[in-house]
Amino acid sequence: MKEFELKYGCNPNQKPAKIFMEDGSDLPIEILCGRPGYINFLDAFNSWQLVKEIKEALGMPAATSFKHVSPTSAAVGTPMSDALKKACFVDDIEGLDDSPLALAYARARGTDRMSSFGDWIALSDVCDATTAKLIKREVSDGIIAPGYTEEALEILKTKKKGNYNIVKIDPAYVPAVQEKKQVFGITFEQGRQDLEISVDTMLQNFVTENKTVTDAQKRDLIMSLIVLKYTQSNSVCYVKNGQAIGIGAGQQSRVHCTRLAGQKADNWFLRQCPKVLNLPFKDTISRAERDNAIDVYIGDEYMDVLADGMWEKTFTEKPEVFTKEEKRAWLDQMTDVTLGSDAFFPFSDNIERAHKSGVKYIAQPGGSVRDDAVIETCNKYGMVMSFTGIRLFHH
């Protein structure tokens, strides 16, 4: 297939639209089901690069959940606690622990379920039946992977009345060294971002007093940087146990990225609190309605779901308020979180905010005129920080 005609571009009025190879060669994909759109393919090709690179760097199956050309999360297939399984709504999936790929997607989808609603999925490995069963019951636009088992493909083809977008990509495909795009009729050309992100290239310049980092923490730091490589800038990424637990993307202010990602990380951890896990939901509400209710319950507008006349729509009995003091006490248990930034921190307020979400390990380019103040704040909290010397802007 040398080109694929799209229904429209970014918006319905942008016609005609298509994808094709400029050199006239075949596209490196097969469309096994559905008819993906313009934004679907933007998500597909960016998300595929992310999981492919994580797999190459860490040697573990990886998955990501994408929306609007940025990841809501990404993860590798590390084991999940019972509380995390319940918080991610996957505690009922038989065989989950036997599939590292399914664990990776369960983590990625479960990180920020509000943002992942209607996601595009990318898998680093051949999709198996367990992963397909997870995907089947979620609201999702499509998936890209290097292959699918026969059983997995049949399961996925039942989604959206047989119209679920399923794309198979050639894992051996390597794009041209130079890449182009047009803006306002003007062509931009640059070298493709093929920078290798590894411990050897990124974690050799620890600038804080504390320089102690385990292999697991190095894994998480590398993962945060790879995620940032494919996230709209400015961006900041919190990672714990092989899972991006909070991503702040596309903000003009660095500290707003840090706050946004930190709040998402906090929400991820709050959802694992027994008080949230044991909320008395009605059997009749949908998964999405449950996601929405939890998001409101753990936030500042909790009375929107707890007020008389409102709680009855969602719960079998009225839950107690999750107080500010209770939330802070629970969040104080979140420790050893890693943090990556796609550009330097211009002020130490970023470190102060990161500390509130349990961050102890940081990777960022360095190069700010206030680096000394940032390092000093890290030292105050016993943090470990590496200057990578490399900026990772993505637009």
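Below you will find a few notes about this structure. Quick caveat, the model's predicted, so the values are computed rather than measured.

### A few points about the packing of aromatic side chains
For step 1, the next point in the chain: Under the defined criterion, the tally for this structure stands at six aromatic pairs.
For step 2, the next point in the chain: Ring centres of Trp 268 and Phe 269 lie 6.2 Å apart, and the angle between their planes is 40 degrees; this geometry places the pair in the tilted category. The pair formed by Trp 268 and Phe 269 is uniform in burial state, with each residue classed as buried.
For step 3, the next point in the chain: Seen in terms of ring centroids, Phe 269 and Trp 330 are 5.1 Å apart; in terms of plane orientation they differ by 25 degrees. Their pairing is stacked.

### Looking at the nonpolar core
For step 1, the next point in the chain: Among the nonpolar cores identified, the biggest contains 70 residues, and Leu 96, Leu 123, Ile 143, Leu 156, Tyr 238 and Ile 362 are the most heavily contacted of them.
For step 2, the next point in the chain: Among all residues touching Ile 362, those that are not within four sequence positions of it are Leu 221, Leu 339, Phe 345, Ile 351, Cys 378, Met 383, Val 384, Met 385 and Ser 386.
For step 3, the next point in the chain: Counting residues in hydrophobic clusters, the runner-up holds 43 residues, among them Phe 4, Leu 225, Val 239 and Tyr 361.

### A short note on the pairing of strand E11 (residues 235–240)
For step 1, the next point in the chain: Taking burial as the measure, the six residues of E11 include six buried ones, the bulk of the element.
For step 2, the next point in the chain: Covered by surrounding structure in E11 are Ser 235, Cys 237 and Val 239 together with Val 236, Tyr 238 and Lys 240, the residues of both alternating faces.
For step 3, the next point in the chain: Note: E11 against strand E12 (residues 243–249), six bridges, orientation antiparallel. Bridging across to E12, Tyr 238 finds its partner in Gly 246.
For step 4, the next point in the chain: Connecting E11 to the antiparallel partner E12 that follows it, the hairpin turn spans two residues, and Asn 241 within it adopts a positive phi of roughly 55 degrees.
For step 5, the next point in the chain: Bridge count for E11 against strand E13 (residues 337–341) is four bridges, and the pairing is antiparallel. Looking across to E13, one finds that Val 239 is bridged to Thr 338.

### What to know about the side chain of Gln 217
For step 1, the next point in the chain: Tracing the chain through its elements places Gln 217 in helix H8 (residues 215–229).
For step 2, the next point in the chain: Gln 217 gets classed as buried once you look at its relative accessible area, which sits at 13%.
For step 3, the next point in the chain: In this structure the side chain of Gln 217 is engaged in a polar contact, spanning 3.1 Å, whose partner is the side chain of Tyr 361.
For step 4, the next point in the chain: Here Gln 217 is in contact with Thr 212, Thr 338 and Tyr 361, once residues within four sequence places are set aside.

Here is what the cut-offs are and how they apply
- Each chain has its residues counted from 1, running along the sequence as written.
- A pLDDT threshold of at least 70 governs which residues receive local features in this predicted model, and a stricter bar of 80 or more applies before side-chain atom pairs are shown or counted, although totals over entire chains, interfaces and linings include all residues.
- Only hydrogens and water are removed before side-chain values are computed, so all heavy atoms of the structure are retained for them.
- The criterion for an aromatic pair is that two Phe, Tyr or Trp rings (for Trp, the six-membered ring) have centres within 6.5 Å, with stacked assigned to planes under 30 degrees apart, edge-to-face to planes over 60 apart and tilted to the rest.
- To sort residues, take the accessible area from a 1.4 Å probe on protein chains only and compare it with the maximum for the residue type: under 20% means buried, over 50% means exposed, and anything in between is partly exposed.
- Among buried residues, those of type Ala, Val, Leu, Ile, Met, Phe, Trp, Tyr and Cys that are joined through side-chain atoms within 4.5 Å constitute a nonpolar core.
- Two residues qualify as a contact provided that any one of their heavy atoms is within 4.5 Å of a heavy atom in the partner residue.
- In this text, helices come from DSSP runs of H or I with a minimum length of four residues, and strands from runs of E with a minimum of two, each type numbered from the N-terminal end.
- Paired strands, as defined in this entry, are two strands with at least two bridges between them according to DSSP.
- Any pair of N or O atoms that falls within 3.5 Å is considered a polar contact. Within protein, one atom must be able to donate a hydrogen and the other to accept it, and sequence-neighbouring residues count only if both atoms are side-chain atoms.

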